[in-house]
Amino acid sequence: MIVKVADLSDEVRQLRFAEQPAALNAVLADTSNVAGVRFESPVEVDAEMYRHGSDVYLAGKLGSEVTAACCRCAEEFSTSVDRSFKFLLVQAAAANAEGLEDDRGLDHYDGDEIDVGPLVLEQALLALEAAPVCAPDCKGLCVGCGANLNSEDCSCS
Ligand SMILES: [Zn+2]
Ligand SMILES: [Zn+2]
């Protein structure tokens, strides 16, 4: 989703689009800390965007269905992710001219277009839990025999 900066104004513009799961899963495959997680449905994005001078404001929420492997019992389960996000995008040239430091937590854009895709992609990945569990009371695997204690009893204890 590419947005032309010149097309933005003070008037809030609604932005609705979907990122296809294949692209996200390709990134996930390279990201070790979220192993065992994959997006099952497009990431639906519902956001608002406007421009004030050269500053661009982007805020909204995203949602998708994912499959994750439980970090306790290793069973795969489906869950949904939802996340709100907010960006203040500063034109890189303007930021340099004003001597703004990068550590102010502002994102930059170059040129006269903003690719919203990567920004949202990053948020979608952040929405994934680092240690997903299939249920809050998942009993996990027995450390002695490896039995899934959710579905079977073992004689270890
Ligand atoms: Zn589990
Ligand atoms: Zn056991």
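Residues numbered from 1 in each chain as written. Chains lettered and ligands numbered in written order. Predicted model: local features only at pLDDT ≥ 70, side-chain atom pairs only at ≥ 80, totals over all residues.

### Some remarks on the overall build of the chain
Here is the rule we go by: A run of H or I in DSSP counts as a helix once it spans at least four residues, and a run of E counts as a strand once it spans at least two, with each numbered from the N terminus. With C-beta atoms placed from the backbone, a residue is labelled by how many other C-beta atoms lie within 10 Å of its own: buried for 20 or more, exposed for 12 or fewer, partly exposed between the two. Two residues qualify as being in contact provided that their C-beta atoms, derived from the backbone, are within 7 Å of each other.
Check the secondary structure of the chain and you find 3 helices and 8 strands. N-terminal to C-terminal, the α/β element order of the chain is β-β-α-β-β-β-β-α-β-β-α. Within the span of the chain, comprising 157 residues, buried residues form 22% of the whole. Within the chain, contacts between residues separated by at least 24 positions form 61% of all contacts whose residues are at least 6 apart in sequence.

### Side note on the nonpolar core
Generally speaking, nonpolar side chains in soluble globular proteins are found buried as a group. We count it as follows: What makes a nonpolar core is a set of buried Ala, Val, Leu, Ile, Met, Phe, Trp, Tyr and Cys residues, with links drawn between C-beta atoms within 7 Å.
Ranked by internal contacts, the top residues of the largest apolar core, which has 23 residues, are V43, V56, L58, V66, L89 and V120. For this core, the elements supplying multiple residues, two or more each, are α1 (21-29), β3 (37-39), β4 (43-52), β5 (55-69), β6 (76-91) and α3 (116-126). For this core, the element with the most residues is β5, which contributes 5 residues. Discounting residues that sit within four places of it in the chain, V43 has contacts with A18, E19, L24, L62, S64, V120 and A124.

### Comments concerning the pairing of β4
As a reminder, the rule being used: If DSSP finds at least two bridges between two strands, the strands pair.
Here β4 shows a clear split, with V43, V45, A47, M49 and R51 buried on one side and none of E44, D46, E48, Y50 and H52 buried on the other. Note that strand β2 (residues 13-19) and β4 share 7 bridges and pair antiparallel. Pairing of F17 across the sheet is with V45, part of β4. Adjacent in sequence and paired antiparallel, β4 and β5 are bridged by 2 residues, among which G53 carries a positive phi angle near 65°.

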